[in-house]
Amino acid sequence: MNTGKKSFISPALFGLILVLFLMPFIEVSCSGQTLTTLSGYDLAFGYEPIDTSALDELGGDTGGIDKQGPEWTALLALGAAVVGLGIGFVGDSGMRSIIGAGCGVLGTLMLFLVMIGADGKAEKIAGAEAASVIQTSAKFGLIFAMLAFVAAAAVNIMENRGIALPFGALGGGGAPTPPMRMPGMPGGPGAPGGPG
């Protein structure tokens, strides 16, 4: 059971995810040299393959490769962040927290698929001839966005269950945690006027 109060932590986390989509999600490199980085928005909306013709050791170029279409996993994660942000300001708290938790879980799963699929993107990014010497790796934007999705799911689940957020007033939900009383302190166990 939730408190009915609005928590602004969840929409703030989803807003942070939208900002993190501007950061590097995948780095493309060859022999330790970075060729390009792809942001979350690049993956979600499509990107131009890199031109590898300048690197003699790769051979070939990407002139015949069309712009790569959206990665459906990144696009679904982005959609989950947009819905999570929007739902944080409308509806009753029960529905908000259920949809917010669903968006957090969906976004986490989709970005996990982006992460494990990063190694297989070399041919799409650089072309078949260059793919054997190209390395792709997940970058901090992808990792932090996935962690923010996890946090958003957790915050919404806690809010739905009526669990007070550790941030108290920032979360907008639950009663503040009472101060801990030590034995012998006024109002503490064993003290006059305190419990047992």
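Small disclaimer: the values here were computed from a predicted structure and weren't measured.

What counts, and at which threshold
Residues numbered from 1 in each chain as written. Predicted model: local features only at pLDDT ≥ 70, side-chain atom pairs only at ≥ 80, totals over all residues. Heavy atoms only, no water. Helix = DSSP H or I, 4+ residues; strand = E, 2+ residues; numbered from the N terminus. Contact = heavy atoms within 4.5 Å. Phe/Tyr/Trp six-rings, centres within 6.5 Å; stacked < 30°, edge-to-face > 60°. Buried < 20%, exposed > 50% of the residue type's maximum accessible area, 1.4 Å probe, protein only. pLDDT = per-residue confidence, 0-100. Patch = residues over 30% accessible without salt bridge, like charges linked within 9 Å, V, L, I, M, F, W, Y side chains within 5 Å. Areas by Shrake-Rupley, 256 points an atom, 1.4 Å probe, with all protein chains shown as cover. Salt bridge = Lys/Arg side-chain N within 4 Å of Asp/Glu carboxyl O.

Participant: What exactly am I supposed to notice about the overall build of the protein here?
Facilitator: Helices and strands together make up the secondary structure of the protein, namely six helices and three strands. Considering only contacts in the protein between residues 6 or more positions apart, those separated by 24 or more positions represent 66%.

Participant: Hey, could you run me through the packing of aromatic side chains in this one?
Facilitator: Here a ring pair, both rings aromatic, is described through the centre-centre distance and the interplanar angle of the planes. A complete count under the given rule lists six aromatic pairs for this structure. Between Phe14 and Phe149, the aromatic rings sit 6.2 Å apart at their centres with planes inclined by 65°, giving edge-to-face as the arrangement. In this pair, Phe14 sits in helix H1 (residues 9-20) while Phe149 sits in helix H6 (residues 140-161), placing the two residues 135 residues apart along the sequence. Relative accessible area serves as the criterion here: at 0%, Phe14 is assigned to the buried category. Taking 4.9 Å as the distance between ring centres and 50° as the angle between the ring planes, the aromatic pair formed by Phe21 and Phe25 counts as tilted. Note on Phe25: relative accessible area 0%, which makes it buried. Three or more aromatic residues link up through ring pairs in this structure, and these residues are Phe21, Phe25, Tyr41 and Phe45.

Participant: I keep staring at the confidence of the model for the protein and nothing clicks. Help me out?
Facilitator: Low pLDDT means the predicted atomic positions in that stretch should not be read closely. The share of residues in the protein with pLDDT of 70 or more is 63%, and the mean pLDDT across the chain is 77. The model gives residues 60-65 a pLDDT under 50, and that stretch makes 16 contacts with residues more than four places away or in other chains. pLDDT under 50 marks residues 169-177. Its contacts with residues more than four places away, or in other chains, come to 17 contacts.

Participant: I would appreciate a short explanation of a nonpolar patch on the surface in the present structure.
Facilitator: Taken together, Trp72, Leu76, Phe112, Leu113 and Ile116 make up a surface patch of nonpolar side chains, about 500 Å² in accessible area. Its location among the elements puts Trp72 in helix H3 (residues 72-87). Taking relative accessible area as the criterion, Trp72 reaches 55% and is therefore assigned exposed.

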